[in-house]
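Chain by chain, the residues:
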Amino acid sequence: MTANTVETPQDTVPWDGRQRGYIPSNPPVIHPAITLHTSAQTDVDPVTAEVVRYALMNINLEHADLIQRLAVSPVVMLSRDFQSSILTEVGDLVYLGSGVQYYSNFHSLIVKYILEHHQAETLADGDMLLCNDPYIGCAHQCDTSLVAPIFVDGELFCWIANSMHFQDLGGTVPGSLCVSAEDCWQESAIWTPISLVERGRVRTDVEDLFVRQSRFPDVTRMDLRAAYGSLETTRKKIVALVERYGAAVVKGIMNRVLDAGEELFVERLARIPDGRWSYRASMEGSVPGDHEFYRYQINVTKQGDRLIVDNEGSDPQVGAINVTYAGMSGCVLASFTSQMLPEMAGAFGGAYRRIEFRPTPGTVSCADHPAAVSASAVFTQMHVLNVAATPVCMMLAAGDDETRDLILGAPTPNLSSVLAGGVRDDGKPFMLMDSNGLMGSLAGRASRDGVDVGGQWWIPDSIAYNSEEMEAQTPFLVLSRVLLPVAGDGAGRCRAGVGMRETLMAHGIAGGALVVHQNENVPRAAGLFGGNPGSLATCRFKRNNDALEQLASGALPVSIEDIHGDEVELEFKGGPETLANGDVIEWVSPGAAGYGDPLLRDPQDVQKDLDARLITEEAAAAVYGVVFADGVVDSEATARARAAVRRERLGGVEAGECVEPPAGARRIGELLYIVNGRWWCNGADLGDQYENYKDRAVTRVVPVRKIAAEFEVANHEIADRWEFREAICPVTGFRIDAELAMVGEPSLHDVIPAGA
């Protein structure tokens, strides 16, 4: 970040974490009472340098491992929704753990805020400060951080920090994901940085006050103690490392780690031409009952060895679907570092030096206080991750083969999870925080398919619950988990990994409510360069059913279709639904989006999916134009089927074949190039490079529910407000790209070369 105050003629509101999100000053402002340790040895021998570097990395990883071992809530212990980090004396990130990657800058923001705004003169060795303020340094209130300064000989040497998702901190609903909130006053309490531990002594008054907010105080207290216990252990390890090698040596290696990350980031930027890449996607419903759509947009501009990121084009903040600057910037940074610096093992702080944010405040993607943000953990953060990652992927695809191979693809735009709460039949409270959407799906990429239920790259260390663990922790039976089939959703030259479907039955409850679910009418994860969108996140619910009777008779229903009862029609995000014993919930953790036109997929890859019983012959023909005879690809029939689809796309004109671009052509995506300052696609001239090539491509518009059978929904009124626009190569009939857009909405000018 480069500015504490963003000024326009109409706006001089400071970005100080009060009315607006917090952006640190540049240069940083440090309270004069603080003496910083800056002495750093630069000529450390290679062996010592590697020992210290790996020691720092392992200390941070062990910090995270200790959190997981000490915590008792399933969301931390099993889902591993937490993060740890080591930072310099001024709060620059040295190492980030393998937990939630969009926490990437939360600790840095909190530390810089403390140094700039807090009573920094009171800081002492052994202190720990707690913060869950989304307008300072987190995505929502449940993601609470502890940060601790480490002093050496009276000088502030470095900081260590952790964050974890507390499963309940109050608010209007169990789990504190308040999907109906209109502002932050209807959510959990916000805590600006406050001392939880002073000079090694826990302030029990602060601990008791924090725990008092929770519906599950014992769990909250144990998780809080896991946080400060693991932080204290980590502090001792850092101190021991400094005592062994000397403060100047350790600080020198910290600086070297930062520099190494910056150098690699700059090297990879050099392989990519300058330009601007944009992506937008909309979310349905700001609160339950609202069926309007709200745009989120992220724009990435590369200028030499620097990147500028803005969110111009995002709609004004509204309802409960907002993220603050901290949440938005965390998603953007995670999208860059996860894809461009995977081998740096969390040493991402150097890359941050090369990324400048120019945010538009008061928007759904950069909200001002007091916007509601608590539901971001299952709705908005994942949506913004998808919106942020897509232009990064587009930028990487414009580079050389090495940068193209770095593409991970955008994640699914939702953590499709189920949250329910209530009372067991023994009178004890329960909470189901089913975060098995973390089983995820990896998108199709330039050189390979995604991974089936391959997790989420924004939380690489996470796992899903074992069924036995869920049944032991909650009053629910897991009737089944099954893979989604390979079909039209996520199709592409390289297909996405498939998601999964989970069916649960409430068993042993006196009563409760289904608090959070997702039941989409329109897909939000558009494919890259002509790939199909990802799956819909859906949820079904049946009450007054015969599931218990079937189990008592020895039958095992494995799908909601096997169960007879009253099905409740769920909205995309509805208010709490009454939950009774025996009620059945079935929800889909969706697959991500595809990469490239499905008609360009190698038929032998479709054969592999058929052999693995992941796709049917009917779906292979409908989606990929691949025809089988006796279970084997019929090459001639496949060529005819694909030619027929391409001819149809071109309005009955016979399609030609792909040709090599001329020498010196600059590749943009899959089929598109810039030749002599003009857009070129298989010999077709699509206009000046600074114009929108889509205006000269063949445009084919398909209602979203007609893309493939998997996108058909019951609510046609909502779905038919959206269309799938294919930009078709005029020569070959292959998709250059495709976008999801509202009917009547102008196409996004999403690629603009430098100089426009």
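Scroll up a little and you will see the structure.
Rules used throughout
Residues numbered from 1 in each chain as written. Predicted model: local features only at pLDDT ≥ 70, side-chain atom pairs only at ≥ 80, totals over all residues. Heavy atoms only, no water. Pairing = 2+ DSSP bridges. Helix = DSSP H or I, 4+ residues; strand = E, 2+ residues; numbered from the N terminus. Axes fitted to C-alpha atoms, helices over the stretch in contact; angles between N-to-C directions. Parallel < 35°, antiparallel > 145°, perpendicular 65-115°, else oblique. Left-handed = near helix turned anticlockwise from the far one by under 90°. Contact = heavy atoms within 4.5 Å. Nonpolar A, V, L, I, M, F, W, Y, C, P; charged D, E, K, R; others polar. Expected span 1.5 Å × (residues − 1). Buried < 20%, exposed > 50% of the residue type's maximum accessible area, 1.4 Å probe, protein only. Polar contact = N/O pair within 3.5 Å; in protein donor to acceptor, adjacent residues only side chain to side chain. Salt bridge = Lys/Arg side-chain N within 4 Å of Asp/Glu carboxyl O. 1 Å grid on protein atoms, 1.4 Å probe; cavity = no way out; pocket = protein on both sides within 12 Å on 5 of 7 lines; lining within 4 Å. Points joined across faces, edges and corners; volume = space filled by probe spheres on them. Core = buried A, V, L, I, M, F, W, Y, C linked by side-chain atoms within 4.5 Å. Phe/Tyr/Trp six-rings, centres within 6.5 Å; stacked < 30°, edge-to-face > 60°. Lys NZ or Arg CZ within 6 Å of the ring centre and 35° of its normal.

## Regarding the sheet that holds strand 23 (residues 666-668)
Strand order across the open sheet formed by four strands is 23-24-25-26, with antiparallel pairing between neighbours. Looking at which strands have only one partner, the edges of the open sheet turn out to be strand 23 and strand 26 (684-688). Here the strands of the sheet are splayed against their neighbours by 35 degrees on average, with no regard to which way each runs. Summarising the sheet, strand 25 (residues 678-681) and strand 26 pair through three bridges and their orientation is antiparallel. Residue pairing across strands places C681 opposite A684, the latter belonging to strand 26.

## Regarding the packing of helix 7 (residues 325-340) against helix 9 (residues 380-397)
Remark: helix 7 packs on helix 9, axes separated minimally by 9 Å, with the N-to-C direction vectors making an angle of 40 degrees. Judged on the interaxial angle alone, helix 9 and helix 7 are oblique. Regarding helix 7 and helix 9, the two cross each other, and that crossing is right-handed. On the side of helix 7, the interface is formed by G327, M328, C331, V332, A334, S335, F336, Q339 and M340, while helix 9 contributes Q381, V384, L385, A388, A389, V392, C393, M395 and L396. Each residue belonging to the contact of helix 7 with helix 9 can be placed in one class, and the counts come to 14 nonpolar, four polar and no charged.

## Topic: helix 15 (residues 635-649)
An ideal rise of 1.5 Å per residue puts 21 Å on 15 residues; helix 15 measures up with 21 Å between its terminal C-alpha atoms. Taken as a whole, helix 15 has its buried residues at A637, T638, R642, R646 and R649. In the core, the buried residues of helix 15 are packed alongside helix 13 (603-611), helix 14 (617-624), strand 22 (632-633), strand 27 (698-703), strand 28 (722-728) and strand 29 (735-742). The opening residue of helix 15, the one whose side-chain oxygen lies 3.3 Å from the backbone nitrogen of E636, is D634. A positive phi of about 70 degrees marks G651, the residue just after helix 15.

## Observations regarding the side chain of S338
Tracing the sequence through the fold places S338 in helix 7. Classification of S338 by relative accessible area gives buried; the value is 13%. Polar side-chain contacts of S338 include one of 2.9 Å to the backbone oxygen of A334. Other than its neighbours up to four places away in sequence, S338 contacts Q101, L408 and W457.

## Comments concerning the sheet that holds strand 3 (residues 128-131)
Taken in spatial order, the seven strands make up an open sheet running 2-1-5-4-3-6-7, and their pairing is antiparallel. Either end of the sheet is taken by a strand with one partner, and the two such strands are strand 2 (93-96) and strand 7 (201-202). Here strand 4 (residues 143-152) runs beside strand 5 (residues 155-165); their pairing, made up of 10 bridges, is antiparallel. Among the inter-strand pairings, V147 is bridged to a residue of strand 5, identified as A161.

## Focus: the pattern of salt bridges
Between side chains of opposite charge, a pair can form when the charged atoms approach closely. Under the defined criterion, the tally for this structure stands at 59 salt bridges. A salt bridge links E262 to R354; its shortest N-O distance comes to 2.8 Å. In this pair, E262 is assigned in helix 6 (residues 247-269) and R354 in the loop between helix 8 (349-352) and strand 11 (355-357), connecting sequence segments 92 residues apart. Of the two residues, E262 and R354, neither departs from the other in class, the shared state being buried. Across the salt bridge formed by E723 and R725, the nearest N and O atoms sit 2.7 Å from each other. Grouping residues by exposure puts E723 and R725 together as buried.

## So, empty space enclosed by the protein
Evaluated as defined, the whole model comprises eight cavities of 30 Å³ or more. Of the pockets and cavities examined, the largest cavity occupies roughly 240 Å³. Contributing to the lining of the largest cavity are 23 residues, with Y279, R280, A526, E739 and L740 lying nearest its centre. Counting only elements with at least two residues in the lining of the largest cavity, the list comes to strand 8 (275-284), helix 9 and strand 29. Its volume calculated, the second largest cavity comes out at about 200 Å³. For the second largest cavity, the lining is made up of 19 residues, of which D81, A377, V378, L415 and S435 are closest to its centre. Of the residues that constitute the lining of the second largest cavity, the class distribution is 14 nonpolar, four polar and one charged.

## A few points about the layout of surface pockets
Estimates place the volume of the second largest pocket at around 440 Å³. Surrounding the second largest pocket, 27 residues form its lining, A622, V623, I707, A708 and R735 being those nearest its centre. Listing elements by their share of the lining of the second largest pocket, those giving two or more residues are helix 14, helix 15, strand 27 and strand 28. The class makeup of the residues in the lining of the second largest pocket is 16 nonpolar, four polar and seven charged.

## Remarks on the environment of C158
Here C158 is to be found in strand 5. By relative accessible area, C158 is classed as buried at 0%. Note: C-alpha distance between C158 and A547 (389 residues apart in sequence) is 57 Å. Setting aside its immediate chain neighbours within four residues, C158 contacts L87, T88, E89, A148, P149, I150, I238 and M254.

## Focus on the pairing of strand 28
The buried fraction of strand 28 amounts to seven of the seven residues, a majority that puts the element mostly inside the structure. Neither face of strand 28 is left uncovered, since the one carrying W722, F724, E726 and I728 and the one carrying E723, R725 and A727 both have all their residues buried. Where strand 27 and strand 28 come together, six bridges link them in antiparallel fashion. Looking at strand 28, one finds that V698 is bridged to I728. Bridging between strand 28 and strand 29 involves seven bridges; their strand directions are antiparallel. Bridge pairing in strand 29 places F724 opposite L740. Connecting the antiparallel pair strand 28 and strand 29 is a turn made up of six residues, with G733 showing a positive phi of about 80 degrees.

## Quick notes on the nonpolar core
Within soluble globular proteins, side chains that are nonpolar generally end up buried alongside one another. Residues L56, Y102, F336 and W458 are the most contacted members of the largest nonpolar core, which totals 191 residues. Beyond its immediate stretch of four places on either side in the chain, Y102 contacts A139, D143, G330, C331, A334, Q381, M382, L385 and W458.

## Looking at the packing of aromatic side chains
Tallying each qualifying case throughout the model produces 16 aromatic pairs. Centroid distance Y102 to Y103: 5.5 Å. Interplanar angle 80 degrees. Geometry classified as edge-to-face. The pair Y102 / Y103 is uniform in exposure class, with both members buried. Between F430 and F476, the ring centres sit 6.0 Å apart and the planes meet at 70 degrees, which makes this aromatic pair edge-to-face. Within this pair, whereas F430 is found in strand 13 (residues 429-434), its partner F476 is found in strand 14 (residues 476-483), the two being separated by 46 residues in sequence. Each member of the pair, F430 together with F476, is buried. Among the aromatic side chains, those forming a connected cluster through ring pairs are Y102, Y103, F106 and W458. Above the face of the W15 ring, R20 is positioned so that its terminal group lies 5.3 Å from the ring centre. Of note, R601 hangs over the ring of Y624, and the distance from its end group to the ring centre comes to 5.6 Å.

Read these as spatial facts, not as claims about activity.
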